[in-house]
Amino acid sequence: MPNHTFAAMRQSIIDGAPDTASSLAQQSLAEDIAPIESINNGYVLGMHNVGEQFARGQMFLPDMMASAEAMRAAMAVLDPELRRLGAERPMAGVVVLGTTKGDIHEIGKILVGTMLTAHRFQVHDLGVDVASEKFAAKAREVKADIVGVSALLTTTMRNQRAVVEALEKEGLRARVKIIVGGAPVTHRWAEEIRADGYAKDAMNAVVLAQELMQQKLLSVS
Ligand code: B1M
């Protein structure tokens, strides 16, 4: 796809223009462009720009919400195609996913879920503002291999620790791996809270989940 189309995708997010974001996504599918290319080279770059402008005080909350709406419009078009690519093959593992309590950022988490699904994981997405006990209860219910916890705020990162503790308390920690991510999260933080790994973006979350599944299989064989 020509670079100017990726640039238009990026701009549609900055402008908070859902219709443009959606029609560019449809156009990209018609042209056989891999959805992940459009996400990484177009839309996500727009979101980064929005975040930078917000941090500099050049954009305000309503603008950021409009950008999030545009991102959702693009994802609504691309997500089914990503899922279709994943659904055609056998399952790689069961993942429970959510954004921590107190945090309503969902776009990165949705992207992680979509990419995991596209790579044959069965994903149970609990949504946003999820209490730690709910992660643990769902992990037990669906016999999860992995619990993935997203946090976008420095104030809600600490709730990732609460999820680790909830799984420990429920006696699930030995058989459930925990991965954490989100803009303020680091490897060091993951180690500090005794998670099994940190991924900086959706593709790395897939690689990490695949590695952890290998470890799980080796530990039972
Ligand atoms: Co908010 N917000 N926001 N926001 N927002 C940030 C996070 C912020 C960095 C903006 C800024 O100041 N530059 C800042 C946080 C500062 C901090 O804590 N250090 C911030 C703030 C302050 C706030 C409010 C407090 C604003 C206010 O009310 N005054 C408020 C908090 C609300 C709450 O949660 N309680 C708020 C609200 C919102 C909106 C509702 C308007 C909207 C979210 C809408 C929605 O999700 N439906 C929003 C948005 C859009 C953003 C920014 C601009 C973009 C986030 C995003 O979607 N990025 C963001 C700035 C930024 O991050 N640059 C910002 C695109 C997405 C693809 O990336 O989410 O990072 P990201 O996900 C990546 C990776 O992080 C990783 O993979 C993803 C894909 O590659 N990843 C994982 C994420 N989860 C993972 C899990 C994994 C592995 C990897 O494993 C489980």
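Predicted, not measured: the structure shown is a model, and the values here were computed from it. (Residues numbered from 1 in each chain as written. Predicted model: local features only at pLDDT ≥ 70, side-chain atom pairs only at ≥ 80, totals over all residues. Heavy atoms only, no water.)

Draft legend 1. Geometry of the overall build of the protein chain. Per the secondary structure count, the protein chain includes nine helices and five strands. The secondary structure elements of the protein chain, listed N-terminal to C-terminal, are α-α-α-α-β-α-β-α-β-α-β-α-β-α. For 221 residues, the compact-globule formula gives about 17 Å, and the C-alpha radius of gyration of the protein chain, at 18 Å, lands near that figure. Over its C-alpha atoms, taken along the principal directions, the protein chain stretches across nearly 50 × 40 × 25 Å. Residue burial in the protein chain is summarised as follows: out of 221 residues, 47% are buried. When contacts within the protein chain are restricted to residue pairs at least 6 apart in sequence, long-range pairs at least 24 apart make up 73% of them. Surface summary for the protein chain: the accessible area is close to 11,000 Å², and the carbon and sulfur share equals 54%. Both charge centroids of the protein chain, one from 23 positive and one from 26 negative side chains, sit 8 Å from each other. (Helix = DSSP H or I, 4+ residues; strand = E, 2+ residues; numbered from the N terminus. Rg over C-alpha atoms; globule rule 2.2 N^0.38 Å. Buried < 20%, exposed > 50% of the residue type's maximum accessible area, 1.4 Å probe, protein only. Contact = heavy atoms within 4.5 Å. Areas by Shrake-Rupley, 256 points an atom, 1.4 Å probe, with all protein chains shown as cover. Lys, Arg positive; Asp, Glu negative; His and termini not counted. Charge placed at Lys NZ, Arg CZ, Asp CG, Glu CD.)

Draft legend 2. Seen up close, the nonpolar core. Counting 38 residues, the largest nonpolar core has Ile13, Ile39, Tyr43, Leu116, Phe121 and Ile146 as its most contacted members. Of all the elements in the fold, those that place two or more residues in this core are α1 (3–14), α2 (18–30), α3 (35–55), α4 (61–87), β1 (93–99), α5 (107–118) and α9 (202–220). Every residue in contact with Ile146, bar those within four places of it in the chain, is listed here: Val94, Val95, Val96, Phe121, Val176, Lys177, Ile179, Ala209, Leu212 and Met213. (Core = buried A, V, L, I, M, F, W, Y, C linked by side-chain atoms within 4.5 Å.)

Draft legend 3. Here's a closer look at the coordination of the cobalt atom of the ligand. The protein supplies the cobalt atom of the ligand with one donor atom, His105 (NE2), which lies at 2.2 Å. With respect to the secondary-structure elements, His105 resides in the loop between β1 and α5. (Donors = N, O, S within 2.8 Å, 3.2 Å for Na, K, Ca; no water.)

Draft legend 4. Focus on the site of the ligand. Within the structure, the ligand sits among 34 residues, and Ile104, His105, Glu106, Ser150 and Thr154 are positioned closest to it. In this structure, an oxygen atom belonging to the ligand sits 2.8 Å away from a main-chain N or O atom of Glu106. Listing elements by their share of the shell around the ligand, those giving two or more residues are α3, α4, α5, β3 (146–150), β4 (177–181) and α9. In terms of residue class, the shell around the ligand is made up of 21 nonpolar, nine polar and four charged. (Near = heavy atom within 4 Å. Polar contact = N/O pair within 3.5 Å; in protein donor to acceptor, adjacent residues only side chain to side chain. Nonpolar A, V, L, I, M, F, W, Y, C, P; charged D, E, K, R; others polar.)

Draft legend 5. Just the environment of Ser12, in detail. Assignment of secondary structure puts Ser12 in helix α1. As for Ser12 and Ser67, which are separated by 55 residues in sequence, their C-alpha atoms are 8.0 Å apart. Apart from the residues within four sequence positions on either side, Ser12 is in contact with Ala17, Thr20, Ala21, Leu24, Tyr43 and Ala70.

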